Amino acid sequence: MKTIAAQYLEYAPAEATPAKVRERLRQAFDLLPISILILGWDLPDRQEEAVAEETARQDAALYRWHPLLASDAGFALPAEWQPVSLRGEPVPGFKGLPEFTFICPNRADVQDWIAERIEVVAGRGIYQGLFFDRMRFPSPVEDPERHLACFCKHCQRIASDSGLDLEVVRRSLESLFADTNRLKTFIQSLFAPSDDSLLELFYRFRLDSITKAIQYAAKLSRSHGLNIGLDCFSPCLTRMVAQDLSALNQSCDWIKLMTYPRVFGPAGLPFELRALAEWLRTRQDFSEREAIQLVNEASSLSFTPNGLDSESIAHEIQRGRDVGITNLLAGIALVELEGIHSSTPQQIESDVSACREADGLVLSWDLWHVKPQTLKTIRQSLQN
């Protein structure tokens, strides 16, 4: 693999002094040939500078980990910026967290805010690139009636200009959710194109909205000499959050795929697939078996209570290649989080092996919490 990247310090732990931050980073560089370091967005200047100095000493590129359509400073953005569901309500963030509360890309004030944040980062003068994260609409899987977006007045106006009436879409979706047979078509449409022309126009509007926001941000970033990496959902999930991988590939230097087979948190394959099946079971009166079968058939994957196997990674990497990703980095989850993620050394070895067709790896969330022995497992797996 030609590229090993690592995400570092999503948050600033209380014990993370500049000296300790530098020491932990140096240990990682000693174990693996890391060429890209992706640094968190809300750190004290002294920590940020320590990481920048050590990364430069190791001759690696420093990217800023940059939420694009969510808060990047630990505070909530204006509530009126949130996407609007088909019920006319703001789409809530995951557990109410600001960094998982999304904003609508079609608002002019949001576009101004995006530009302002990029200018601030570029002005630091220590980064060689930006790694755009949270660049999507909210995932609808936990409750499509409350989370599928956006139907705000700004989206209504832009959609109308292209001949799409979002009020008609809204009424059609409400009707669809009340019909079990048509509901199956909707579930399948979250993963692949359907025969419902109105629904397809809505998906295309959403995809274009996110693509244009990323194109705008990438163009501005490149005007400052910054490279671009993108943090994308696993290919089977990108349609439901409006990430058009084929189009996004034209706006970046590389794409990281979040193909996490055992992560029970946002973007994790089992989390997203299980949440959709649970909605079908609890809100639509499907049996558990029927719900899981429908979701597995629609996604072309097979999730279980323990997650998915490592070969799902290889399957999703091939999907990424099929849609045209030219520089594909596979995200690999390494941090032990109770109730969210765990992996045995054997599973990590299998995950790395399943990434064999990728152009590189991104060690994910984040390096500060990854045990040295885990990094040694990665190194050994790469050498095999």
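From a predicted model like this one, the values you see are computed outputs, not experimental measurements.

Engineer: So what exactly am I meant to see when it comes to the overall build of the protein chain here?
Structural biologist: Check the secondary structure of the protein chain and you find 15 helices and eight strands. Taken over the C-alpha trace, the protein chain has a radius of gyration of 20 Å; the compact-globule value for 384 residues is 21 Å, and the two agree within 12%. With the C-alpha coordinates aligned to their principal axes, the bounding extent of the protein chain is approximately 60 × 45 × 35 Å. Within the protein chain, the fraction of its 384 residues that count as buried is 60%. A fraction of 78% describes how many contacts in the protein chain between residues 6 or more apart in sequence connect residues 24 or more apart.

Engineer: Help me understand the packing of helix α14 (residues 345–354) against helix α15 (residues 372–383), please; the structure alone is not making it clear to me.
Structural biologist: Think of two packed helices as two axes; the pair is described by the angle between the axes and how far apart they sit. Contact geometry of α14 with α15 gives a least axis separation of 9 Å together with a crossing angle of 45 degrees. Accordingly, the angle class assigned to the pair α14 and α15 is oblique. Our pair here, α14 against α15, has a crossing hand that is right-handed. Contact residues: Pro345, Ile348, Glu349 and Val352 in α14; Thr374, Thr377, Ile378, Ser381 and Leu382 in α15. The residue inventory of the contact of α14 with α15, partitioned by class, reads five nonpolar, three polar and one charged.

Engineer: Is there a simple way to think about the environment of glutamine 243 in this case?
Structural biologist: Inspection of the secondary structure puts glutamine 243 in the loop between α9 (238–241) and α10 (245–248). Given a relative accessible area of 2%, glutamine 243 falls into the buried group. C-alpha separation for the pair glutamine 243 and alanine 330, spaced 87 residues apart in sequence, amounts to 16 Å. Those residues in contact with glutamine 243 that lie beyond four places of it in its chain are Met135, Arg136, Leu207, Asp231, Cys232, Phe233, Thr238 and Leu248.

Engineer: Explain the pairing of strand β4 (residues 129–133) to me, please; I cannot follow it from the model alone.
Structural biologist: Along any regular strand the residues' side chains alternate between the sheet's two faces. β4 sits mainly inside the fold: five of its five residues count as buried. Of the pairings in the sheet, the one linking strand β3 (residues 61–67) to β4 comprises five bridges and is parallel in character. Pairing of tyrosine 63 across the sheet is with glycine 129, part of β4.

Engineer: Explain the nonpolar core to me, please; I cannot follow it from the model alone.
Structural biologist: Looking at soluble globular proteins, one finds that nonpolar side chains tend to be buried together. Counting 127 residues, the largest nonpolar core has Tyr8, Leu173, Phe186, Ile187 and Leu230 as the members making the most contacts within it. In terms of residues, this core owes the most to one element, helix α8 (residues 197–223), which gives 10 residues. When sequence neighbours within four positions are dropped, the list of residues in contact with isoleucine 187 reads Leu276, Trp279, Leu280, Leu294 and Ala298. If you look at the next biggest cluster of nonpolar residues, it comprises 10 residues, including Trp41, Phe131, Trp254 and Leu329.

Engineer: I tried to follow helix α1 (residues 18–31) on my own but got confused; where do I start?
Structural biologist: A turn of α-helix holds 3.6 residues, and therefore any two residues three or four places apart point the same way. Compared with an ideal rise of 1.5 Å per residue, which puts 14 residues at 20 Å, α1 spans 20 Å between its outermost C-alpha atoms and is within 8% of the ideal. Residues of α1 that are buried include every one of Pro18, Val21, Leu25, Ala28, Phe29 and Leu31, and no others. All buried residues of α1 fall inside an arc of 165 degrees around its axis, so they share one side. Among the exposed residues of α1, those pointing more than 90 degrees away from its buried face are Ala19 and Asp30. Lining the buried residues of α1 we find β1 (3–8), β2 (36–39), α2 (45–57) and α15.

Engineer: Looking at this model, I keep getting lost on the packing of aromatic side chains. Mind explaining?
Structural biologist: Per the counting criterion, the structure on display carries 12 aromatic pairs. Between phenylalanine 131 and tryptophan 254, the ring centres sit 5.4 Å apart and the planes meet at 20 degrees, which makes this aromatic pair stacked. Remark: tryptophan 254 occurs in strand β6 (residues 254–258) and phenylalanine 131 occurs in strand β4; sequence separation between them is 123 residues. This pair shows no difference in class: phenylalanine 131 is buried, exactly as tryptophan 254 is. Residues phenylalanine 177 and tryptophan 279 carry aromatic rings whose centres are separated by 5.7 Å and whose planes lie at 75 degrees to one another, so their mutual orientation is edge-to-face. Of this pair, phenylalanine 177 sits in helix α6 (residues 166–177) while tryptophan 279 sits in helix α11 (residues 269–283), placing them 102 residues apart in sequence. A cation sits over an aromatic face here: arginine 134 above phenylalanine 100, 4.2 Å from the ring centre.

Engineer: What is the right way to read the pattern of salt bridges from this model?
Structural biologist: Between side chains of opposite charge, a pair can form when the charged atoms approach closely. Per the stated rule, a full pass over the model turns up 28 salt bridges. Ionic pairing is found between arginine 22 and glutamate 54, a salt bridge with its closest N-O pair at 3.6 Å. Taken together, the positions of arginine 22 in helix α1 and glutamate 54 in helix α2 put the pair 32 residues apart, joining distant regions of the chain. The class for arginine 22 is partly exposed, based on a relative accessible area of 23%. Among the salt bridges present, the one from glutamate 145 reaches arginine 283, with a minimum N-O distance of 3.4 Å. On the criterion of sequence distance, the pair formed by glutamate 145 in helix α4 (residues 144–147) and arginine 283 in helix α11 is long-range, its members being 138 residues apart. A residue is classified by how much of its surface remains accessible, and glutamate 145, at 16% relative accessible area, is buried.

Engineer: Help me understand the side chain of threonine 374, please; the structure alone is not making it clear to me.
Structural biologist: Within the fold, threonine 374 resides in helix α15. When neighbours within four sequence positions are excluded, threonine 374 is seen to be in contact with Leu334 and Ile348.

Engineer: Explain helix α3 (residues 108–124) here, please?
Structural biologist: The end-to-end C-alpha distance of α3, which contains 17 residues, comes to 25 Å, matching closely the 24 Å that a straight helix rising 1.5 Å per residue would cover. Within α3 the residues assigned to the buried category are Val110, Trp113, Ile114, Ala115, Arg117, Ile118 and Val121. Those residues of α3 hidden inside the fold are in contact with β3, β4 and α8.

Engineer: For this particular structure, what's the right way to read the packing of α6 against α8?
Structural biologist: With their axes 10 Å apart at the nearest point, α6 and α8 run at an angle of 120 degrees to one another. Between α6 and α8, the interaxial angle falls into the category oblique. Judged by the sense of rotation from one axis to the other, the crossing of α6 with α8 is left-handed. In this structure, α6 contributes Leu166, Val168, Val169, Ser172, Leu173 and Leu176 to the contact, and α8 contributes Leu198, Leu199, Phe202 and Phe205. For the contact of α6 with α8, the class distribution of residues is nine nonpolar, one polar and no charged.

Conventions adopted
- Residues numbered from 1 in each chain as written.
- Predicted model: local features only at pLDDT ≥ 70, side-chain atom pairs only at ≥ 80, totals over all residues.
- Heavy atoms only, no water.
- Helix = DSSP H or I, 4+ residues; strand = E, 2+ residues; numbered from the N terminus.
- Rg over C-alpha atoms; globule rule 2.2 N^0.38 Å.
- Buried < 20%, exposed > 50% of the residue type's maximum accessible area, 1.4 Å probe, protein only.
- Contact = heavy atoms within 4.5 Å.
- Axes fitted to C-alpha atoms, helices over the stretch in contact; angles between N-to-C directions.
- Parallel < 35°, antiparallel > 145°, perpendicular 65-115°, else oblique.
- Left-handed = near helix turned anticlockwise from the far one by under 90°.
- Nonpolar A, V, L, I, M, F, W, Y, C, P; charged D, E, K, R; others polar.
- Pairing = 2+ DSSP bridges.
- Core = buried A, V, L, I, M, F, W, Y, C linked by side-chain atoms within 4.5 Å.
- Expected span 1.5 Å × (residues − 1).
- Arc of directions from axis to C-beta.
- Phe/Tyr/Trp six-rings, centres within 6.5 Å; stacked < 30°, edge-to-face > 60°.
- Lys NZ or Arg CZ within 6 Å of the ring centre and 35° of its normal.
- Salt bridge = Lys/Arg side-chain N within 4 Å of Asp/Glu carboxyl O.

Note that every value here comes from positions in space, so none of it alone points to a role or purpose.
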